[in-house]
Amino acid sequence: MSIDLEHEVRAYAEYLDEILPTVTADRVRTGVPDRPRPVAAPPRWYRRPVVVFLAAMAVVLLVAVAQLPLLNGPTVTTTPQATGAFVCPPGSNPDQPGPADQPRPRLGGLDFMTFHAGSGQVLVLTGDDLWTFDVCTNTWTQAPGPGDIGLVSDFVYDVDSDRAVAFTSNDEGVARVASYEPATQTWTVKSEFVVRPTRMGPEAFLFPWLKAAYDPVTGLVVVLEPAMAAMWIYDVDTDTWTEIDHGTTWLPPGDPFFTYDASVDRLIVYHAHGSTWEYDLRAGQWEPHDTNSLGWEGFGWWSIGNEFVYDEANQVSVLFSYTDWASVSTYDASEHLWAPKVVKGSGGVPPMTYDPVNERIVMFVGDTYQWPGVIAYDVATGEWVTLLEPTTE
């Protein structure tokens, strides 16, 4: 079959001249970043006969030399590499426990953990102190703390700004955000924002216990205030809060666990009394899924923060039980099903985070108020690895 190449080139030129204009979409409901795009009309030099003829000859020459390799030749595949993804240096042994006599953070009961993908380090915020844990050498380093920023309720990594973000609140219902930049080891305290204008009554916890999860589609942080069932989108770069009309003013009672599941593009909320909810940010809809929720096992499932994280490699959300001997359970959002819990057999303590470098869950082990150790759990194999032994000294 003969092809009129000059006709095809001219037709394509007409198509380019009639492409759709730029459309600015809503960032949250569609996930398309709200950034301007060029709208200038394409130049008309391609309509000149000489250019059309040369383009047609180039196509004929390429087809003759390559003998149609794209259609008939062998397919060559390569493993894609994430741009800028951190990898352990050559010779590293991430499974070898770190030195037992090294300085380390001391737990205080309200501790928070997140993973900084740019540097390959776990960041741990305990009180006014910040520590970093190298997952390649299993060693601790103390970093500058944020100072007195209030009662922290969650700590997340914002990929878009490359900052770790701590959310705090007080008994007046006022939230404040502090962000940390590992490259410069500097904290930036943001402005205050009222998340609960009035107290909820004498039986309610006075502090708005904010839950946060990073949404990689929009590059923004989603914040949940469970008592009022209020949700916001927070932009770290502009320090702005935008409330989400998520269609309800009520969620099941209890202190929920909160994470983002990339496999289904949903926020996952697990309530300690035994119900699982999924929220579609793009459609603005909640869906309850209570088919086989874990239930409240002897107060074993309760949330402080960072005990519910998404495992990218295995595409499941992982829940950690504080009082049930370091037991974990995984939630497959594609099937809306919980897997039976796996018990470590020795006491673990929150917080925890996902380590994408070694593709496993990292958490503390030991008793509260002692010098903790660090353990890791591999969801794929069900194996526990001791990264650092706890100590009482």
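Throughout, residues of each chain are indexed from 1 in the direction in which the sequence is written. Totals for whole chains, interfaces and linings use every residue, but because this is a predicted model, local features are given only for residues with pLDDT of at least 70 and side-chain atom pairs only at 80 or more, for both listing and counting. As a rule here, side-chain values cover all heavy atoms of the structure and leave hydrogens and water aside.

### As for the environment of Trp241
Here's step 1: Counting from the N terminus, the helices are the DSSP runs of H or I reaching at least four residues and the strands are the DSSP runs of E reaching at least two. Tracing the sequence through the fold places Trp241 in strand β12 (residues 240-243).
Here's step 2: Among the residues examined, Trp241 registers a relative accessible area of 13% and is labelled buried.
Here's step 3: When the C-alpha atoms of Trp241 and Val195 are compared, they prove to be 9.6 Å apart, with 46 residues separating the residues in sequence.
Here's step 4: Among all residues touching Trp241, those that are not within four sequence positions of it are Phe167, Ala175, Val177, Phe193, Val195, Leu210, Val223, Trp232, Ile233 and Tyr234. Residue burial is assigned from relative accessible area. The probe radius is 1.4 Å, only protein chains are included, and a residue is buried under 20% of its type maximum, exposed over 50%, and partly exposed in between. Two residues qualify as a contact provided that any one of their heavy atoms is within 4.5 Å of a heavy atom in the partner residue.

### Focus on the nonpolar core
Here's step 1: Residues enter a nonpolar core if they are buried and are Ala, Val, Leu, Ile, Met, Phe, Trp, Tyr or Cys, with the set joined through side-chain atoms within 4.5 Å. Judged by nonpolar contacts, the single largest core of 18 residues is most densely connected at Val122, Phe133, Trp140, Phe364 and Val374.
Here's step 2: Contributing elements (two or more residues each) for this core: β1 (111-116), β2 (121-126), β3 (129-134), β23 (360-365), β24 (373-378) and β25 (383-388).
Here's step 3: Per-element tally for this core: the top contributor is β25, with 3 residues.
Here's step 4: Once residues within four sequence positions are removed from consideration, Trp140 is found in contact with Gln102, Pro103, Arg104, Pro105, Val124, Trp131, Thr132, Phe133, Phe364, Val374 and Leu388.
Here's step 5: Core analysis: the second largest hydrophobic core is formed by 16 residues, Phe167, Ala175, Val195 and Ala212 among them.

### Description of the confidence of the model for the chain
For any part of a model where pLDDT is low, the fine detail of the predicted coordinates should not be relied upon.
Here's step 1: The quantity known as pLDDT measures the predictor's confidence residue by residue, on a range of 0 to 100. Taken as a whole, the chain shows an average pLDDT of 75; of its residues, 64% reach a score of 70 or greater.
Here's step 2: Every residue in residues 62-84 is under pLDDT 50, and counting partners more than four places away or in other chains gives 2 contacts.
Here's step 3: Across residues 297-301, confidence stays below pLDDT 50; counting only partners more than four residues off in sequence or on other chains, it has 19 contacts.

### Quick notes on the side chain of Asp261
Here's step 1: With respect to the element layout, Asp261 can be found in strand β13 (residues 257-261).
Here's step 2: Of the side chains bearing the opposite charge, Arg266 lies closest to the buried Asp261, which forms no salt bridge; the N-O distance is 9.2 Å.
Here's step 3: In contact with Asp261, other than residues within four places in its own chain, are Arg266, Ile268, Tyr310, Val316, Ser317, Tyr331 and Ala333. The convention is simple: Lys and Arg are positive, Asp and Glu are negative, and His and the chain ends are not counted. Every case where a carboxyl oxygen of Asp or Glu lies within 4 Å of a side-chain nitrogen of Lys or Arg is listed as a salt bridge.

### Some details on the sheet that holds β3
Two pairing modes exist for strands in a sheet, parallel and antiparallel, and in both the strands are linked by backbone hydrogen bonds.
Here's step 1: Note: two strands are recorded as paired if DSSP finds a minimum of 2 bridges between them. Across the sheet, 4 strands lie side by side as β1-β2-β3-β4; this open sheet has antiparallel pairing. Sheet topology places β1 and β4 (139-143) at the edges, where each strand pairs with a single neighbour. Pairwise comparison of adjacent strand axes, ignoring direction, gives a mean angle of 25° for this sheet.
Here's step 2: As judged from the 6 bridges shared by β2 and β3, these two strands associate in the antiparallel manner. Bridge pairing links Leu125 to Leu130 in β3. Note on geometry: axes are lines fitted to C-alpha atoms, helical ones only across the stretch in contact, with angles between N-to-C directions running from 0 to 180 degrees.

### A few points about the packing of aromatic side chains
Two aromatic rings, taken as a pair, are described by how far apart their centres are and by the angle between their planes.
Here's step 1: The pairing test for Phe, Tyr and Trp rings, Trp by its six-membered ring, is centres within 6.5 Å, and the orientation test on the planes gives stacked under 30 degrees, edge-to-face over 60, and tilted for anything in between. Evaluated as defined, the whole model comprises 18 aromatic pairs.
Here's step 2: Their ring planes at 40° and their centres at 5.1 Å tell us that Tyr180 and Trp187 sit as a pair that is tilted. Side by side, Tyr180 and Trp187 carry an identical accessibility label, which is buried.
Here's step 3: Consider the rings of Phe308 and Trp338, whose centres lie 6.1 Å apart with planes at 25°: the pair is stacked. Within this pair, whereas Phe308 is found in strand β17 (residues 308-311), its partner Trp338 is found in strand β20 (residues 337-338), the two being separated by 30 residues in sequence.
Here's step 4: Judged by its relative accessible area of 6%, Trp338 is buried.
Here's step 5: Ring-pair connections join several aromatic residues into one group, and the members of that group are Phe167, Phe193, Trp232, Tyr234 and Trp241.

### Notes on the pattern of salt bridges
Here's step 1: Counted under the stated rule, the structure contains 6 salt bridges.
Here's step 2: A salt bridge links Arg163 to Glu181; its shortest N-O distance comes to 3.4 Å. Of this pair, Arg163 sits in strand β6 (residues 163-169) while Glu181 is found in strand β7 (residues 174-181), placing the two residues 18 residues apart along the sequence.
Here's step 3: Using a relative accessible area of 17% as the deciding quantity, one classes Arg163 as buried.
Here's step 4: Under the relative-accessibility criterion, Glu181 is labelled partly exposed at 25%.
Here's step 5: Notably, a salt bridge pairs Arg282 with Asp215, separated by 2.9 Å at the nearest N-O pair. Pair noted here: Arg282 is in the loop between β15 (275-280) and β16 (285-289) and Asp215 is in strand β9 (residues 211-215), with a separation of 67 residues, a long-range link. The same class applies to Arg282 as to Asp215, namely buried.

### Considering the sheet that holds β16
Here's step 1: Spatially, β13-β14-β15-β16 is the arrangement adopted by the 4 strands of the open sheet, whose pairing is antiparallel. Edge strands, defined here as strands with exactly one partner in the open sheet, are β13 and β16. Between one strand axis and the next, the sheet turns by 25° as a mean value, whatever way the strands run.
Here's step 2: In this structure, β13 lies alongside strand β14 (residues 266-271), joined through 5 bridges in antiparallel fashion. Bridged to Phe258 within β14 is Val269.

### A look at the pairing of strand β19 (residues 327-332)
Here's step 1: For β19, a buried count of 5 out of 6 residues is recorded, marking the element as mostly surrounded by other parts of the structure.
Here's step 2: Pairing analysis gives 4 bridges linking strand β18 (residues 316-320) to β19, with the strands arranged antiparallel. By the bridge assignment for β19, Val318 is matched with Thr330.
Here's step 3: Where β19 meets strand β21 (residues 342-343), 2 bridges bridge the pair, whose relative direction is antiparallel. From the neighbouring strand, Val328 faces β21, where its bridge partner is Val342.
Here's step 4: Bridge analysis of β19 against β20 gives 2 bridges, and the strand direction is antiparallel. Across the sheet, residue Tyr331 finds its bridge partner in β20, namely Trp338.
Here's step 5: The loop that links β19 with its antiparallel partner β20 comprises 4 residues; one of these, His336, has a positive phi angle of about 55°.

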